[in-house]
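# Per-entry structural report
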Amino acid sequence: SSTIYDTIVSCDSYFWNGSTYTTSGVYDSLFTNVSGCDSLVTLILTINDSSSSTIVISACDTFSWDGVVYDTSGFYTNVYTGLNGCDSIVNLDLTINYSSSSYDTIVACDSLIWNSNIYTTSGIYDTLLFTSSGCDSLATLYLTINSSSTIYDTIVSCDSYFWNGNLYNLSGNYTDT
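Below, the structure is looked at part by part.

Analysis parameters
- Residues numbered from 1 in each chain as written.
- Predicted model: local features only at pLDDT ≥ 70, side-chain atom pairs only at ≥ 80, totals over all residues.
- Heavy atoms only, no water.
- Helix = DSSP H or I, 4+ residues; strand = E, 2+ residues; numbered from the N terminus.
- Buried < 20%, exposed > 50% of the residue type's maximum accessible area, 1.4 Å probe, protein only.
- Contact = heavy atoms within 4.5 Å.
- Pairing = 2+ DSSP bridges.
- Axes fitted to C-alpha atoms, helices over the stretch in contact; angles between N-to-C directions.
- Disulfide = S-S within 2.5 Å.
- Patch = residues over 30% accessible without salt bridge, like charges linked within 9 Å, V, L, I, M, F, W, Y side chains within 5 Å.
- Areas by Shrake-Rupley, 256 points an atom, 1.4 Å probe, with all protein chains shown as cover.
- Salt bridge = Lys/Arg side-chain N within 4 Å of Asp/Glu carboxyl O.
- Phe/Tyr/Trp six-rings, centres within 6.5 Å; stacked < 30°, edge-to-face > 60°.

Tracing the backbone through its elements, the reader meets Thr140 in strand β15 (residues 136-146). Thr140 sits in the buried class, given a relative accessible area of 5%. If we ignore the near neighbours within four places in the chain, the residues touching Thr140 are Ser102, Tyr103, Asp104, Trp114, Ile124, Tyr125 and Asp126.

Below is the structure:
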């Protein structure tokens, strides 16, 4: 008679002697050797499980994962080797939200209130806001400020004076915009 020990470490399952094993354990099979005697074969089996996980990420514009830059939402998969030597599958459920930008061109007299600020000088002004998904939203104002002017006319007239579509027959200070 003879006895043989077979020590195996496998990932997820192991096929031995016509059967598939999915759990660790000690399994025996009895055979007849070439001499007609019993031959006991003992399988000492360790099953290590592969692993799988999913990461859910929301990012603005791009996301870098394992050296690859993604700019489109999607479901991506990477396969690694775990500490036990088996596959470790990591899924990335990625949502890409995009930044935005807007431009306002405004001509105003004397001053302008824009984004809670008062502007009195022509120029280009930027303000950083955020979209509903938390990404940057750059708003740019192209502003031209025109200054109002005041003109004083001193008029001496007999009886009445016609000015800007109005007839005046009393002395006084009158204003028109």
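A word on unusual backbone geometry. The phi angle at Asp110 is positive, at roughly 70°, despite the residue not being glycine. Note that Asp110 resides in the loop between β11 (100-109) and β12 (112-114). Although it is not a glycine, Ser116 adopts a positive phi angle of roughly 70°. One can find Ser116 in the loop between β12 and β13 (117-119). Ser116 gets classed as exposed once you look at its relative accessible area, which sits at 72%.

Whether parallel or antiparallel, the strands of a sheet pair through hydrogen bonds between backbone atoms. Spatially, the 3 strands line up as an open sheet ordered β11-β15-β14, and their pairing is mixed. Each edge of the sheet is formed by a strand with only one pairing partner; in this case those strands are β11 and β14 (123-130). Each strand of the sheet is rotated relative to its neighbour by a mean of 20°, with strand direction disregarded. Strand direction decides the pairing type here: β11 and β15, joined by 10 bridges, are parallel. Across the sheet, the residue bridging to Asp104 is Leu141, located in β15.

It is worth spelling out the state of the cysteines at this point. Scanning all chains against the criterion turns up 2 disulfides. A disulfide bridge connects Cys11 with Cys86, and the sulfur atoms are separated by 2.1 Å. Sign of the S-S torsion, about -95° for the bond between Cys11 and Cys86, identifies this disulfide as left-handed. Here Cys11, found in strand β1 (residues 2-11), pairs with Cys86, found in the loop between β9 (74-81) and β10 (87-97); they are 75 residues apart in sequence, far enough to count as distant. Take Cys86: its relative accessible area is 0%, and that puts it in the buried class. Counting only the cysteines that form disulfides, in the order they appear in the protein, gives the pairing 1-3, 2-4.

Here the focus is a nonpolar patch on the surface. The grouping of Tyr5, Val26 and Ile44 at the surface amounts to a nonpolar patch, some 320 Å² of accessible area in total. As for its placement among the helices and strands, Ile44 is situated in strand β5 (residues 38-48).

Our focus in this paragraph is the pairing of β10. When strand β6 (residues 51-60) meets β10, the two strands line up parallel, connected through 10 bridges. When the bridges of β10 are listed, Ser51 appears paired with Ser88. Judged from the 8 bridges that link them, β9 and β10 form a sheet pairing that is antiparallel. Looking at the pairing, Asn78 lines up with Val90 of β10. Where β9 folds back onto β10 in an antiparallel hairpin, the turn is made up of 5 residues, including Gly85, whose phi is positive at roughly 90°.

Let's shift gears to the packing of aromatic side chains. The geometry of two aromatic rings is summed up by the distance between their centres and the angle between their planes. The full count for this structure, using the stated rule, is 8 aromatic pairs. Judged by centre distance (6.2 Å) and plane angle (50°), the ring pair of Trp16 and Tyr21 falls under tilted. Site record: aromatic cluster; members linked through ring pairs are Trp16, Tyr21 and Tyr27.

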